[in-house]
Every structure is written in C-alpha cells, then in structure tokens.
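The primary structure of each chain is shown beneath.
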Amino acid sequence: MRAAHLPMSVWWVALVVGVAVDLAFWLPLRPPGKARWKAGTSAVTGLAFLVAVGVVGGYPPQAMVPGCAALLLLWPLSVVGHRAVIREWSLRPGPSGRVAAGRKAVAALVVQMTLVMLVAVSMAVWLVEDAASSV
C-alpha cells in the first residue's frame, strides 16, 4: 500500500496527533519559563519551515503533510527509555553543558537517536515523494 492511497484527511489527523504527542512528550522535560515556551512552539515553527522548504523545492504543500507527520510521530521514539538523562540534561547541565549521567547512557541515547532519526527522515522523504507523485 502506498502512502498516496491514504486520504489526505488521515495524514492531517496524523499530523495533529504528532503535534500533540510532541508537546506531551517534550514539555514536561523542560524547566518552566522560556525553555518550555520554546519547546511548545518548536513543533509548529518546524512544520512551517518544512512546508516552506518543500514549496520552494517545487512540492505542493499537501505533499509535505505525510512527511511532517512521520517526523513528528517518530521523533519521540528516538529518546524512549532515556527520559531521565534528558530531564537531567535539560534541568542541570554539568560544566560546559555536559551530561552528568554515565557515558554508557549517553552513548546508548546517541545511537538510538541516530538510528531512529535516519529511519524517520528516510520515511519522510519516501512519503513526500510518494504523495507528490500522486498530486
């Protein structure tokens, strides 16, 4: 089944769910104040940027929706299991911004984030190309 066979309404729902998941996941990890406000607006501003880049690149805006939904839904998966390290990092960075947790936890987090983000970006590119070819 190709992505283009799904109705655009399904992709819009996935995008809204992705924004909600992004906010529900990242906001509690941020300290109150300016950092929390920035985390709350990052999903929306990031989506606007991705759609603008796609339009400049020649893609119709509706073709960007599946890719944005995939990125938003997969981004929290890149840090699953490392919530404590991220919370510690965001609340109490060590000297020069280093994480105070053990090196193994940080190495595992970096490997997991890299692998999931490679899959997310590949999936997003495939979805955008597939949706653009059907528009």
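The structure this text deals with has already been given above.
Before going into details, it helps to say that this report is about the structure given with it. The structure presented is a predicted model; accordingly, all values stated were derived computationally and were not measured.

## Notes on the overall build of the protein
- The helix and strand inventory of the protein stands at five helices and zero strands.
- Within the span of the protein, comprising 135 residues, buried residues form 29% of the whole.
- Within the protein, contacts between residues separated by at least 24 positions form 74% of all contacts whose residues are at least 6 apart in sequence.
- Entry remark: accessible area of the protein is about 8,100 Å², with carbon and sulfur atoms responsible for 73%.

## Comments concerning the nonpolar core
- Within the largest apolar cluster, 12 residues are counted, these being Trp11, Ala14, Leu15, Val19, Ala43, Leu47, Val65, Cys68, Ala69, Ala70, Leu72 and Leu127.
- Those elements giving two or more residues to this core turn out to be α1 (8-26), α2 (34-56) and α3 (61-74).
- In terms of residue count, α3 provides more of this core than any other element does, five residues in total.
- Not counting the four nearest positions on each side in its chain, Val19 is found in contact with Leu47 and Leu72.
- One finds Phe25, Trp26, Leu29 and Leu109 within the second-largest nonpolar core, a separate group that totals seven residues.

## With respect to the packing of α2 against α3
- Remark: α2 packs on α3, axes separated minimally by 9 Å, with the N-to-C direction vectors making an angle of 140 degrees. One element, α2, and the other, α3, form an angle in the oblique class. Both α2 and α3 take part in a crossing whose hand is right-handed. When α2 is examined against α3, the residues Ala43, Leu47, Leu50, Val51, Gly54 and Val55 are found in contact with a partner set consisting of Pro61, Met64, Cys68, Leu71 and Leu72.
- For the contact of α2 with α3, the residue count by class is 10 nonpolar, one polar and no charged.

## Description of the packing of α1 against α3
- Relative to each other, α1 and α3 sit at 35 degrees, their axes nearing to 8 Å. Where α1 crosses over α3, the two elements pack in a sense that is left-handed. Across from Met8, Trp11, Trp12, Ala14, Leu15, Val17, Gly18, Val19 and Asp22 in α1, the residues of α3 making contact are Gln62, Val65, Pro66, Cys68, Ala69, Leu72 and Leu73.
- Within the contact of α1 with α3, the residues separate by chemical class into 13 nonpolar, two polar and one charged.

## Side note on α2
- Counted at 1.5 Å a residue, the expected span for α2 with its 23 residues is 33 Å, and the 31 Å between its end C-alpha atoms agrees.
- Taking the largest bend as the criterion, α2 deviates by roughly 40 degrees, centred on Ser42.
- When α2 is considered as a whole, its buried residues turn out to be Ala39, Ala43, Leu47 and Gly54.
- Next to the buried residues of α2 lie α1 and α3.

## Examining α3
- Its 14 residues give α3 an end-to-end C-alpha distance of 21 Å, which sits within 8% of 20 Å, the value for a rise of 1.5 Å per residue.
- Counting buried positions over the 14 residues of α3 gives 10, a clear majority of the element.
- For α3, the set of buried residues is Ala63, Met64, Val65, Pro66, Gly67, Cys68, Ala69, Ala70, Leu72 and Leu74.

## Structural notes on a nonpolar patch on the surface
- There is a patch of nonpolar side chains on the surface, built from Val13, Val17, Val21 and Leu73 and spanning about 290 Å² of accessible area.
- Looking at the nonpolar patch element by element, the count peaks at three residues for α1.
- Of note, Val21 is situated in helix α1.
- With a relative accessible area of 34%, Val21 lands in the partly exposed category.

Parameters at a glance
- Per chain, residues are indexed from 1 in the order of the written sequence.
- In keeping with the model being predicted, local features are shown solely for residues with a pLDDT of at least 70 and side-chain atom pairs are shown and tallied solely at 80 or more, while totals for entire chains, interfaces and linings include all residues.
- To get the side-chain values, take all heavy atoms of the structure and skip hydrogens and water.
- Secondary structure is summarised from DSSP: a helix means a run of H or I of at least four residues, a strand means a run of E of at least two, and numbering begins at the N terminus for each.
- For every residue, the accessible area obtained with a 1.4 Å probe (protein chains only) is divided by the maximum for its type, and the residue is called buried under 20%, exposed over 50%, and partly exposed between those limits.
- In this description, contact between two residues means that some pair of their heavy atoms is separated by no more than 4.5 Å.
- Here, Shrake-Rupley sampling with a 1.4 Å probe gives the accessible areas, and only protein chains in the shown set may cover a residue.
- Definition of nonpolar core: a set of buried residues of the types Ala, Val, Leu, Ile, Met, Phe, Trp, Tyr and Cys, connected through side-chain atoms within 4.5 Å.
- Between the N-to-C directions of two axes lies an angle of 0 to 180 degrees, each axis being a line fitted to C-alpha atoms and, for a helix, fitted only over the stretch in contact.
- Note on angle classes: values under 35 degrees are labelled roughly parallel, values over 145 roughly antiparallel, values of 65 to 115 roughly perpendicular, and the remainder oblique.
- By the definition used in this description, the sense in which the near helix is turned from the far one sets the handedness, with an anticlockwise turn below a right angle giving left-handed and a clockwise turn giving right-handed.
- The classification used treats Ala, Val, Leu, Ile, Met, Phe, Trp, Tyr, Cys and Pro as nonpolar, Asp, Glu, Lys and Arg as charged, and all other residues, Gly among them, as polar.
- A helix is expected to reach a length of 1.5 Å times the quantity of its residues less one.
- Bend at a given residue is defined as the angle between two axes, one fitted to the seven residues that end at that position and one fitted to the seven that begin there.
- Put simply, a patch holds well-exposed residues, over 30% relative accessible area, that have no salt bridge, with like charges counted together within 9 Å and Val, Leu, Ile, Met, Phe, Trp or Tyr side chains within 5 Å.
- Whenever Lys or Arg places a side-chain nitrogen within 4 Å of a carboxyl oxygen from Asp or Glu, that contact is recorded as a salt bridge.

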